[in-house]
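Now for the letters of each chain:
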Amino acid sequence: MPETVPEPVADDAAALDAAVLDGVVPEGASLDRAGEWREDPDAIPRLRADGRTGVLVVRERRVPLGDDGLILVPAGDPVLARTREWALLGRRPDGTGLLLALQDPEDDTDADGSWAPRWSDLREALPVVDAADGELVVAAIALAGWLRDAGFCPACGHPAELRQNGWSRHCVSCGREHFPRTDPAVIVAVQSADGERLLLGANAQWKGRFHSCFAGFVEAGESLETTVHREIFEEAGVRVRDLRYFASQPWPFPRSLMVGFHATAVDEQAAHGDGEEIIDVRWLTRAEIGSALAGSGPVGLPGAASIAHRLIVDWYRR
């Protein structure tokens, strides 16, 4: 967080500058995905021939950023010459098209240095682009991952042809249709009964560098609510009540949809890490969370691009 953020004061939820907190919670944007264009076999050739079309290049789940934010390359630009796969992303409010160009990382069309953007992944890009571009980035990275990884039918192993301008595949052998997968997961901010402390955990993969909300994938046959109760008990040892939906966030690492909840612990004293995935759990006061958001607290917190950060900020501002 910026150094200009004032030091949090106990019992004062306004201690952090409101503009700073608002800035890490993106407003909703609605990408026009131009669904009727998906069935038009001429849509991509037509848009590639139109110099007004914006093309977002994705290489290894990274997108190009410049000094002014996200870079959309004009259709026909030489940097697009070695594109591996094309897909339709949608259209702008003025009706001009938006395309995805999936390229291999070893592509050398910009090897002469004439085009040298900052290649950034989702975590790096989302905090610095506006809401509309953020939605475009998430859609492009998610779709690019599926285009790259799902070239063969998972049922019979034969090649699967692209259909719907990049949004489905058809197996040429068994005839099955395949679509980009989304795997639901829950992520939960657990508060104390009095609402003045927040329970966060440190994942073993993070090596204690920061604490975050608890999360886990929805298993076969589970509802989102059932997953919340199971995951919190398995990871943090507590039962919860008063589940409240917060928001959702697509998170293409590789294809998750994070569904956020707030919940209240039934027995706060029971909290403990599972010792394998979660190596530490801590109850943090509102003042400690405020300090952590300001960058000077007792623990590190997840980055501003994540819904975990937004859950923590939402709880802090109550």
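Here goes a summary of the coordinates provided. (Residues numbered from 1 in each chain as written. Predicted model: local features only at pLDDT ≥ 70, side-chain atom pairs only at ≥ 80, totals over all residues. Heavy atoms only, no water.)

## So, the overall build of the protein chain
What counts here: Secondary structure elements follow DSSP: runs of H or I of four or more residues count as helices, runs of E of two or more count as strands, with numbering from the N terminus. Relative accessibility thresholds used throughout: buried, under 20% of the residue-type maximum; exposed, over 50%; partly exposed, between the two (1.4 Å probe, protein chains only). Areas reported here follow the Shrake-Rupley algorithm with a probe of radius 1.4 Å; residue values treat only the protein chains shown as occluding.
When helices and strands are tallied, the protein chain shows 7 helices and 16 strands. Residues counted as buried form 47% of the 318 residues belonging to the protein chain. Carbon and sulfur atoms make up 49% of the accessible area of the protein chain, which amounts to about 15300 Å² in all.

## Brief notes about helix α5 (residues 224–236)
Rules: Expected span of a helix: the number of residues minus one, times 1.5 Å. Contact criterion: two residues are considered in contact whenever any of their non-hydrogen atoms come within 4.5 Å of each other.
Between its first and last C-alpha, α5 extends 18 Å over 13 residues, near the 18 Å set by a 1.5 Å rise per residue. Within α5 the residues assigned to the buried category are T227, V228, R230, E231, I232, E235 and A236. As for α5, its buried residues are in contact with β11 (183–191), β12 (197–203), β13 (214–217), β14 (240–251), β15 (256–265) and β16 (278–285). Looking one or two residues beyond α5, the residue adopting positive phi is G237, at roughly 75 degrees.

## Side note on the sheet that holds strand β1 (residues 54–59)
Keep this limit in mind: A pair of strands is labelled paired if DSSP reports no fewer than 2 bridges between them.
On the basis of which strands lie adjacent, the open sheet formed by 4 strands has the order β4-β1-β6-β5 and mixed pairing. The strands lining the two open edges of the sheet, one partner per strand, are β4 (73–74) and β5 (85–91). In terms of strand pairing, β5 meets strand β6 (residues 97–103) through 6 bridges, oriented antiparallel. Residue pairing for β6: A87 is matched across the bridge by L100.

## Section: the pattern of salt bridges
Convention followed: Between Lys or Arg on one side and Asp or Glu on the other, a salt bridge is scored when a side-chain nitrogen of the former is within 4 Å of a carboxyl oxygen of the latter.
For the structure shown, the criterion picks out 19 salt bridges. Residues R84 and D104 are paired through a salt bridge, measuring 3.1 Å at the closest nitrogen-oxygen approach. In this pair, R84 sits in the loop between β4 and β5 while D104 sits in the loop between β6 and β7 (118–120), placing the two residues 20 residues apart along the sequence. Between R148 and D149 there is a salt bridge; the shortest N-O distance is 2.9 Å. Judged by relative accessible area, which is 53%, D149 ranks as exposed.

## Details of empty space enclosed by the protein
Filter applied, for reference: For cavity detection a 1 Å grid was placed over the protein atoms alone, and a set of points counts as a cavity when a 1.4 Å probe fits there but cannot get out; an open set counts as a pocket when protein lies on both sides within 12 Å along at least five of seven lines, with lining residues being those that have an atom within 4 Å of a point. Grid points are joined across faces, edges and corners, and a volume is the space filled by probe spheres set on the points.
Evaluated as defined, the whole model comprises 1 cavity of 30 Å³ or more. Put simply, the largest cavity is a space of about 40 Å³. Lining the largest cavity are V58, R59, E60, R61, L102, I141, A144, G145 and R148. For the lining of the largest cavity, the elements supplying multiple residues, two or more each, are β1 and α4 (131–149). Sorting elements by how many residues they give to the lining of the largest cavity places α4 first, with 4 residues.

## Section: the pairing of β12
Of all the 7 residues making up β12, 6 are buried; the element is thus mostly covered by neighbouring parts of the structure. By the bridge criterion, 2 bridges tie β11 to β12 in an arrangement that is antiparallel. Paired with V190 across the strands is L199, a residue of β12. Linking β11 back to β12 in an antiparallel pair, the connection comprises 5 residues, with G195 at a positive phi of about 75 degrees. When β12 meets β16, the two strands line up antiparallel, connected through 7 bridges. Residue pairing in the sheet places N203 in a bridge with I278 of β16.

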